[in-house]
Amino acid sequence: MKKIIVPIDFSEYSEYALKVAAKLAKQNNSELLALHMLEMSDIMLTGAGEEPQKIIYFLKLAEQRFDEFLKKDYLNGIKITPIVKHFKVFSEVNEIAKEHGAELIVMGSHGVSGAKEFFVGSNTERVVRNAEIPVLVVKNDIAKVKFEIVVFACDFEEDTIEAYLKASKMFDSMNSKMYLVNVNLPNDRFKSSDEIEKEVVSFFTKAERSLDKMSDVKYVSDYTVEDGILNAANKCGADLIVVPTHGRKGLAHFFQGSVGEDVANHATLPVMTYKI
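Residues numbered from 1 in each chain as written. Predicted model: local features only at pLDDT ≥ 70, side-chain atom pairs only at ≥ 80, totals over all residues. Heavy atoms only, no water.

1. A few points about the packing of aromatic side chains
Each aromatic ring pair is characterised by the separation of its centres together with the angle its planes make.
Move 1: Overall, the coordinates contain nine aromatic pairs when judged by the stated rule.
Move 2: Where Phe10 meets Phe69, the ring centres are 5.4 Å apart and the plane angle is 70°; that geometry is what we call edge-to-face. Taken together, the positions of Phe10 in the loop between β1 (3-8) and α1 (12-28) and Phe69 in helix α3 (residues 51-69) put the pair 59 residues apart, joining distant regions of the chain. Phe69 shares its class with Phe10; the two are buried. (Phe/Tyr/Trp six-rings, centres within 6.5 Å; stacked < 30°, edge-to-face > 60°. Helix = DSSP H or I, 4+ residues; strand = E, 2+ residues; numbered from the N terminus. Buried < 20%, exposed > 50% of the residue type's maximum accessible area, 1.4 Å probe, protein only.)

Take a look at the structure:
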């Protein structure tokens, strides 16, 4: 993992993300790309008269504040590249990541409970839906960033194989133990043990050309996929939940609707998304 990108908005949540990214950078000898996006209107950027002077003033002010924000003891010894953009266009994070060859995006988010949704209309949603690289969502100040046990939510469909292999490669390099969690629901999606086992055998045959990791699968029966994933993560003592996503097309198969968002919203653990 050579480069990690972290969007910064000066909130406590973006600092949570920065701390996590810093620890990952030190563990992997990575460079941090600290990204700040200004909110400048089209009028300011295209106007005449005093507008150009205002732009220069706000740019310098933002850069100064950004420099101050990045003067943290926990960043000592890490190569940091600050990047300031004129617009808050969060789909652009993926373009910046591609331009600089970043392999991971780390974002802070407060999440919500009750009627509000975690992703809907949020900056995190925009980044996740456009990102072609994994996005790690952090909601807390995590003291220990060592993903020893990882839960990968999996429906064992063929289009999940690529995300699984990428996640497996990443967490193998971190010496993590990754379990695959499959949730069986008591409705029209219910599957018998034989049906599930056939899907798992087919999945590993195509993905690994081996059935050696069959023992790493956790079968869970629950009333919702979200509850099944969260309960499995709790029982496994997981440090991280991984969810594959189709991005703009919605979440894969049993992640239809808002399950993926709900998992990220209600999990106290960090959640990482992988694009399918």
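Having seen it, we continue.
2. Observations regarding helix α6 (residues 161-173)
Move 1: Its 13 residues place the ends of α6 18 Å apart at the C-alpha level, agreeing with the 18 Å of an ideal helix rising 1.5 Å per residue.
Move 2: Positioned one or two residues after α6, Asn175 has a phi angle of 60°, which is positive. (Expected span 1.5 Å × (residues − 1).)

3. Some thoughts on a nonpolar patch on the surface
Move 1: Nonpolar side chains collect at one region of the surface, where Tyr57, Phe58 and Leu61 lie side by side and expose about 310 Å² of accessible area between them.
Move 2: For Tyr57, the location among the structural elements is in helix α3.
Move 3: Overall, Tyr57 belongs to the exposed group, its relative accessible area being 53%. (Patch = residues over 30% accessible without salt bridge, like charges linked within 9 Å, V, L, I, M, F, W, Y side chains within 5 Å. Areas by Shrake-Rupley, 256 points an atom, 1.4 Å probe, with all protein chains shown as cover. Salt bridge = Lys/Arg side-chain N within 4 Å of Asp/Glu carboxyl O.)

4. As for the nonpolar core
Move 1: Membership of the largest hydrophobic core comes to 49 residues, with the highest contact counts inside it found for Leu32, Val106, Leu136 and Phe171.
Move 2: With eight residues, the single largest contributor to this core is α1.
Move 3: Setting aside its immediate chain neighbours within four residues, Leu32 contacts Ile4, Val6, Leu18, Ala21, Ala22, Ala25, Leu75, Ile78, Lys79, Ile80 and Thr81.
Move 4: Core analysis: the second largest hydrophobic core is formed by 19 residues, Val151, Val220, Ala232 and Ile241 among them. (Core = buried A, V, L, I, M, F, W, Y, C linked by side-chain atoms within 4.5 Å. Contact = heavy atoms within 4.5 Å.)

5. Observations regarding the packing of α6 against helix α7 (residues 193-207)
Move 1: Contact pair α6 / α7: the axes reach a minimum separation of 10 Å and the direction vectors enclose 65°. Handedness of the α6/α7 crossing: right-handed. Contacts between α6 and α7 involve Ile161, Tyr164 and Leu165 from the former and Phe203, Phe204, Lys206 and Ala207 from the latter.
Move 2: Of the residues in the contact of α6 with α7, the class split is six nonpolar, no polar and one charged. (Axes fitted to C-alpha atoms, helices over the stretch in contact; angles between N-to-C directions. Left-handed = near helix turned anticlockwise from the far one by under 90°. Nonpolar A, V, L, I, M, F, W, Y, C, P; charged D, E, K, R; others polar.)

6. What about the side chain of Ser14?
Move 1: Positionally, Ser14 belongs in helix α1.
Move 2: You can call Ser14 buried: its relative accessible area is 3%.
Move 3: Engagement of the side chain of Ser14 in a polar contact is seen with the backbone oxygen of Ser11, the distance being 2.9 Å.
Move 4: Other than its neighbours up to four places away in sequence, Ser14 contacts Val6, Pro7, Ile8, Asp9 and Phe69. (Polar contact = N/O pair within 3.5 Å; in protein donor to acceptor, adjacent residues only side chain to side chain.)

7. What about the environment of Arg65?
Move 1: Take Arg65: it is sitting in helix α3.
Move 2: We classify Arg65 as exposed; its relative accessible area is 52%.
Move 3: A C-alpha to C-alpha distance of 8.8 Å links Arg65 and Phe10, two positions 55 residues apart in sequence.

Scope: geometric values only; no functional claims are made or implied.
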